[in-house]
Amino acid sequence: MFQSLSTYYETIKNRKIVDLFEDTNRFENFSVSAGDLTIDYSKTNIDDMARKLLLELASERKIARKRDEMFAGKPINDTEGRAVLHTALRAPRDAVIMEDGQNVVPEIHKSLDDMAEFCEAVRSGKITASGGEAFTDVVNIGIGGSDLGPVMATIALAPYHNGTRTHFVSNVDSAHINDVLKNLNPETTLVLIASKTFTTIETLTNAKTAREWLSNVKDANQHFAAISTAEDKTSAFGIASDRVFGFEDWVGGRYSMWGPIGLSIMLAIGADAFREFLDGAHQIDQHFQNTAGADNAAITLALTGIWHRNICGYPTRAVLPYEQRLLRLPAYLQQLDMESNGKSVGKNGQATEKTGPIVWGEPGTNGQHAFYQLIHQGTDVIPCEFLIAKEAHEPELAHQHDLLKANCLAQSRALLIGRDLDEALKIAKSKGYTGAEAERQAAHRVFEGNRPSLTITYPKLTPSVLGQIIALYEHRVFVEGAIWGINSFDQWGVELGKELAVQLLPAVEGHKIEGLDGSTQGLLKLLK
Ligand code: F6P
């Protein structure tokens, strides 16, 4: 099927996307809605035939069956022998989701209730610090999936913060924990140690540093809670079992903020708003499960990804939220997408076709003043994914949101229409250039255009909408991975570096170790 898509692409690749708008219904025909989200992909080179072939590819690669297996709790993470059931974390109380012969929903809701009880007690001052004062600040220590989702969502939902102040420490770099803790009072700070495995060296090192920082409070243990699947390890760290929020290993790290790993989010926004966040995600789960073909937003988003990556050959995609509070969305998506789909071996153990692209981005309008130059005039084509709300949270500053919208629309339109040499020449001449110099100047002012983008719109960045956006991207990653035939739920590619760091620590500390390459030896000397 890739072959028929590629053959078809050869016949259309030089046409102008803008000409496709001769179909006056193109916007309606090439946009898709799910919940509160609308994805406009009319500014791509996908037409009826390309979409038909992409949908045939999805059905040839058995996407619907694979999706149903995931939702049904089949052990689809087959290098780790696990089910993949993060979607169960956001299912309603009366849902029935079976894993290994058991309905997992009651346990999930019990855990959500425990989280809510703990959060409300901390927020109301019922659970206090060891000296009797209310907690004012929470520090979440975790990394990767135990950090990126909570940080991203906590920043995104700033208008809903009505609880403790929340801070995050992830990097083993002493600068990170130092710069966070130096502004806090140990007497009123609660530390959450978030680690699925409770073996991650960065997190355990920072946790020990936090314990030392808390050494002068009356009872340091009262200043800790842990979130992990490894309760034996949390108790070895000295955390009382009623302060441990456990979860199951069928929740992947990068898919985990919907459950206990989201405790820091819940502490910031409260249990009700957290439930709205889960309900938003659940709404998209249902859409993904129950909507066929071209009307399925997650499948459509995935197929635009496949089109750009495998058929057009573009190596990266930019995610450009015109929403300052989605500042960490690109970083979050880098883990979600690249840790899931950055693979080169399929489930069958064989080499794959090209898989996950590089995902990157920054909020607009800031990015416009940094890297958009390359997006508009560089030698690579970079499909862009814009996100923009109809409404901001600051009605009194609506004129600023209008300007934000105008910028967002201007960028996708500029990518589409470009600016040809004639127009560039007119501009150069209007600046007073003549003859050969006018032509030279004009060449720099040409925009090739014809660069694809899609735009995701939503009414306002509420907890529900955030849940919808993230679930949409999760399922997009799933569909792309399923098309490539890879396991999107393991991450063996992070292991070698971890092992070598453990081996190299003695060398960094001054011990001699044999067998190192010349560069590593040279760098060790420089860093001694
Ligand atoms: O190093 C990668 C990784 O294993 C991620 O997949 C995970 O989210 C992160 O480390 C943190 O792991 P943990 O939550 O077990 O500390």
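Data block above holds the structure.
Residues numbered from 1 in each chain as written. Predicted model: local features only at pLDDT ≥ 70, side-chain atom pairs only at ≥ 80, totals over all residues. Heavy atoms only, no water.

> What exactly am I supposed to notice about the sheet that holds strand S12 (residues 384–389) here?
Strand pairing in a sheet takes place through backbone hydrogen bonds and is either antiparallel or parallel in direction. The mixed open sheet is built from 6 strands, whose spatial order is S1-S2-S13-S12-S10-S11. Pairing within the sheet leaves two strands with one partner each, and these edge strands are strand S1 (31–34) and strand S11 (358–360). Across the sheet, the mean angle separating the axes of adjacent strands is 15° when strand polarity is ignored. Each of S1, strand S2 (37–40), strand S10 (316–322), S12 and strand S13 (453–458) is contacted by helix H12 (residues 297–311), which is oriented at about 140° to S1, the strand it contacts most. Against the sheet, helix H15 (residues 398–417) touches S10, S12 and S13, its axis set at about 160° to S12. (Pairing = 2+ DSSP bridges. Helix = DSSP H or I, 4+ residues; strand = E, 2+ residues; numbered from the N terminus. Axes fitted to C-alpha atoms, helices over the stretch in contact; angles between N-to-C directions. Contact = heavy atoms within 4.5 Å.)

> Explanation requested: the layout of surface pockets in the structure shown.
One simple way to see leftover space: roll a probe sized like a water molecule over the atoms. Reported here for the largest pocket is a volume of approximately 1,200 Å³. For the largest pocket, the lining is made up of 43 residues, of which Thr197, Thr200, Val494, Glu495 and Lys498 are closest to its centre. For the lining of the largest pocket, the elements supplying multiple residues, two or more each, are helix H8 (201–213), helix H13 (329–341) and helix H19 (495–508). If one sorts the elements of the lining of the largest pocket by residue count, H19 sits on top with 7 residues. In terms of residue class, the lining of the largest pocket is made up of 16 nonpolar, 17 polar and 10 charged. Within this model, the second largest pocket holds a volume of roughly 680 Å³. Lining the second largest pocket are 31 residues, with Glu107, Lys110, Ser111, Asp114 and Gly246 positioned closest to its centre. Elements with a contribution of two residues or more to the lining of the second largest pocket: strand S4 (102–103), helix H5 (105–124) and strand S9 (244–246). Element by element, the count of residues in the lining of the second largest pocket is highest for H5, at 10 residues. (1 Å grid on protein atoms, 1.4 Å probe; cavity = no way out; pocket = protein on both sides within 12 Å on 5 of 7 lines; lining within 4 Å. Points joined across faces, edges and corners; volume = space filled by probe spheres on them. Nonpolar A, V, L, I, M, F, W, Y, C, P; charged D, E, K, R; others polar.)

> Help me understand the sheet that holds S9, please; the structure alone is not making it clear to me.
Read across the sheet, 5 strands follow the order S6-S5-S7-S8-S9 without closing on themselves; strand pairing throughout is parallel. With partners counted over all chains shown, the strands left at the sheet margins are strand S6 (165–169) and S9, one partner each. For this sheet, the mean inter-axis angle between neighbouring strands, taken without regard to orientation, is 20°. Judged from the 5 bridges that link them, strand S5 (residues 137–141) and S6 form a sheet pairing that is parallel. Counterpart to Asp137 in the pairing with S6 is Arg165. In the packing of helix H7 (residues 174–181) onto the sheet, contacts are made with S5 and S6, and the angle to S6 comes to roughly 165°.

> Got a minute to help me understand empty space enclosed by the protein in this structure?
Tallying each qualifying case throughout the model produces 4 cavities of 30 Å³ or more. If you add up the space inside the largest cavity, you get close to 90 Å³. Forming the boundary of the largest cavity are 14 residues, of which Gly305, His308, Arg317, Pro383 and Glu385 lie nearest the centre. At the level of elements, H12, S10, S12 and S13 are the ones that each hand at least two residues to the lining of the largest cavity. In terms of residue count, H12 provides more of the lining of the largest cavity than any other element does, 4 residues in total. Grouping the amino acids of the lining of the largest cavity by side-chain chemistry returns 5 nonpolar, 5 polar and 4 charged. Contributing to the lining of the second largest cavity are Tyr41, Ile46, Arg51, Leu54, Leu55, Ala294, Thr300, Leu303 and Thr304. Mapped by element, the contributors of at least two residues to the lining of the second largest cavity are helix H3 (48–60) and H12. For the lining of the second largest cavity, the class distribution of residues is 6 nonpolar, 2 polar and 1 charged.

> Honestly, the nonpolar core in this entry has me stumped. Any pointers?
Generally speaking, a soluble globular protein has its nonpolar side chains buried in company with each other. Trp307 and Leu466 are the most contacted members of the largest nonpolar core, which has 114 residues in total. Ranked by residues supplied to this core, first place goes to helix H18 (residues 463–484) with 13 residues. Aside from chain neighbours lying at most four places away, what touches Leu466 is Met152, Ala153, Ala156, Leu157, Phe277, Leu326 and Leu461. In this structure, Val139, Ile177, Ala207 and Ala226 belong to the second largest nonpolar core, which totals 21 residues. (Core = buried A, V, L, I, M, F, W, Y, C linked by side-chain atoms within 4.5 Å. Buried < 20%, exposed > 50% of the residue type's maximum accessible area, 1.4 Å probe, protein only.)

> What's the story with a nonpolar patch on the surface in this structure? I'm lost.
Nonpolar side chains collect at one region of the surface, where Leu523, Leu526 and Leu527 lie side by side and expose about 380 Å² of accessible area between them. Structurally, Leu527 can be placed in helix H20 (residues 518–527). Leu527 gets classed as exposed once you look at its relative accessible area, which sits at 74%. (Patch = residues over 30% accessible without salt bridge, like charges linked within 9 Å, V, L, I, M, F, W, Y side chains within 5 Å. Areas by Shrake-Rupley, 256 points an atom, 1.4 Å probe, with all protein chains shown as cover. Salt bridge = Lys/Arg side-chain N within 4 Å of Asp/Glu carboxyl O.)

> Sorry if this is basic, but what is going on with the packing of H5 against helix H11 (residues 271–290) here?
The description of two packed helices rests on the angle between their axes and on the distance between the axes. Running from N to C, H5 and H11 cross one another at 145°; their axes reach a closest spacing of 10 Å. Here His109, Leu112, Met115, Ala116 and Glu120 of H5 come into contact with H11, specifically with Ala271, Phe274, Arg275 and Leu278. The residue makeup of the contact of H5 with H11, split by class, is 6 nonpolar, 1 polar and 2 charged.

> Whenever I open this one, the packing of aromatic side chains confuses me. Can you help?
In this description, an aromatic ring pair is defined by two values, namely the gap between the centres and the angle between the planes. One pass over the structure, following the stated rule, counts 14 aromatic pairs. When the ring of Phe71 is compared with that of Phe288, the centres are 6.1 Å apart and the planes differ by 55°; the resulting orientation is tilted. Residue Phe71 is located in helix H4 (residues 63–71), and its partner Phe288 is located in helix H11; the two are separated by 217 residues in the primary sequence. Between Tyr322 and Phe386 the ring centres are 5.9 Å apart and the planes differ by 55°, which places this aromatic pair in the tilted class. Of this pair, Tyr322 sits in strand S10 while Phe386 sits in strand S12, and the two are 64 residues apart along the sequence. (Phe/Tyr/Trp six-rings, centres within 6.5 Å; stacked < 30°, edge-to-face > 60°.)

> Looking at this structure, I do not really get the pattern of salt bridges. What am I missing?
If charged atoms from side chains of opposite charge come close, those side chains can pair. What the rule picks out here adds up to 31 salt bridges. Measuring nitrogen to oxygen at the nearest pair gives 2.8 Å for the salt bridge that ties Arg90 to Glu474. Of the two residues, Arg90 sits in the loop between H4 and strand S3 (98–99) while Glu474 sits in helix H18, which places them 384 residues apart along the sequence. The exposure class assigned to Glu474 is buried, which follows from its relative accessible area of 1%. A salt bridge links Arg476 to Glu480, with the shortest nitrogen-to-oxygen separation between them at 3.0 Å. Of this pair, Arg476 and Glu480 are both found in helix H18, 4 residues apart, which corresponds to roughly one turn of the helix. Across this residue pair, the class does not change: Arg476 and Glu480 are buried. When salt bridges that share partners are traced, they join Arg317, Asp337, Glu385, Arg476 and Glu480 into one network.

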